[in-house]
Amino acid sequence: MIRVLFFASLRERLGIEAEELDDFPSTVGALCEQLAGRGGPWHEIFAADRAVLCAINQEMAAEESEITDGDEVGFFPPVTGG
Amino acid sequence: MDIEIRVQETPLDAIAEIAPVYQGRPSVGGVASFIGLMRDINQGDQVDAMTLEHYPGMTEKALQAIAEEAGRRWPLSAVRIAHRVGELRPQDPIVLVAVSSAHRDASLRACAFIIDYLKTRAPFWKRELTADGETRWVEARDSDTEAAAAWSDDEAG
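For clarity, every value in this text was computed on a predicted model and none was experimentally measured.

The rules behind each value
- The numbers attached to residues start from 1 for each chain and follow its sequence in the written order.
- Ligands are numbered from 1 and chains lettered from A, in the order in which they are written.
- In keeping with the model being predicted, local features are shown solely for residues with a pLDDT of at least 70 and side-chain atom pairs are shown and tallied solely at 80 or more, while totals for entire chains, interfaces and linings include all residues.
- Note that the side-chain values use all heavy atoms of the structure and ignore hydrogens as well as water.
- Burial classes: relative accessible area under 20% of the type maximum marks a residue as buried, over 50% as exposed, and values in between as partly exposed (1.4 Å probe, protein chains only).
- A run of H or I in DSSP becomes a helix once it reaches four residues, and a run of E becomes a strand once it reaches two; helices and strands are each numbered from the N terminus.
- The arc in question is formed by the directions pointing from the helix axis toward the C-beta atoms.
- Only four residue types enter the charge count, namely Lys and Arg as positive and Asp and Glu as negative; His and the chain termini do not.
- By definition here, a salt bridge exists when the distance from a side-chain nitrogen of Lys or Arg to a carboxyl oxygen of Asp or Glu is within 4 Å.
- What qualifies as a polar contact is a pair of N or O atoms within 3.5 Å, subject to a donor-acceptor requirement within protein and to the restriction that residues adjacent in sequence count only when both atoms come from side chains.
- Between two residues, a contact is recorded if the distance between any of their heavy atoms is within 4.5 Å.
- Computed with a 1.4 Å rolling probe, the buried area is the accessible surface lost when two parts are put together, summed over both parts.
- Gly is placed with the polar residues, together with every amino acid not listed as nonpolar (Ala, Val, Leu, Ile, Met, Phe, Trp, Tyr, Cys and Pro) or charged (Asp, Glu, Lys and Arg).

As for helix α2 (residues 28-36) of chain A
For an α-helix, the turn length of 3.6 residues means that residues three or four places apart are oriented alike. Buried within α2(A) we find A:Val28, A:Gly29, A:Leu31, A:Cys32, A:Leu35 and A:Ala36. Relative to the axis of α2(A), the buried residues are bounded by an arc of 160 degrees and lie together on one face.

Shown next as structure tokens:
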């Protein structure tokens, strides 16, 4: 099981702050495709050419980064701090 | 090298945060700092207030990693990064970066490096409330991405 968190405008557009997934693929890219498959705003955000960023266990991850059972996966827009 | 990272809901006294990177450090000959402030205008619209969201846990880790990376590239005595979250008003300090070193080159470059990396890698998101009551998320800028990319992988710039 993994815990998936959504931040900022992603959270607003998807209407969800966090969820747990028992069924998850092994890479970030594949997880994005799985989420895009939900349609609507999920497809808008997670389909190919996505601008969304991802972190695994609070460290920046890439499309090919691997997801393991127990991981915390965060999705968020490009950052705007400072 | 000493690193102090803080993410805080309370107002940031940016000026007071600078002295600790050199006081009591007799080998320090140079201090560089950056203060980021909330402005009252963005993209042509008057902005009355701003909310800063962050990813608790990851924010501190990301800032720590950026400070450590600066310490790998330049000989530094101390790095301090303090960043606000929560509600801000125009003229409130958003971020303070202060860096000290024996000579000026390291602290000047490291300070610029740290803020360039923070703006593209630290998980904060700004939401503005404009004067006409509109709420909007601030968009990331290409110029920030380009500035971060300009620091090559191993360069002590």
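Let's talk about the side chain of A:Asp71
You can see A:Asp71 is positioned in the loop between β4 (59-61) and β5 (72-76). Of the side chains with opposite charge, B:Lys61 lies nearest to the buried A:Asp71, which makes no salt bridge, at 12 Å. In terms of polar contacts, A:Asp71 uses its side chain to reach the backbone amide nitrogen of A:Thr68, at 2.7 Å. Excluding its chain neighbours within four sequence positions, the residues that come into contact with A:Asp71 are A:Met1, A:Ile2, A:Arg3, A:Ile56, A:Asn57 and A:Glu66.

Focus on the interface of chain A and chain B
The accessible area lost on association of the parts is a frequent measure of interface size. At the interface, 19 residues of chain A touch 25 residues of chain B. Counting each side, the surface lost to burial between chain A and chain B is near 1800 Å², with a carbon and sulfur contribution of 58%. When the area that chain A buries against chain B is broken down by residue, the three leading residues are A:Gln58, A:Thr80 and A:Gly82, summing to 39%. Our enumeration of links across chain A and chain B arrives at 2 salt bridges. A salt bridge links A:Glu12 to B:Arg127; its shortest N-O distance comes to 3.5 Å. Along the contact surface separating chain A from chain B lie 13 residue pairs in polar contact (both at pLDDT 80 or more). Broken down by element, the side of chain A that touches chain B gets its largest block of residues, 4 residues, from helix α1 (residues 8-14) of chain A. Class assignment of the residues belonging to the side of chain A that touches chain B gives a composition of 9 nonpolar, 6 polar and 4 charged.

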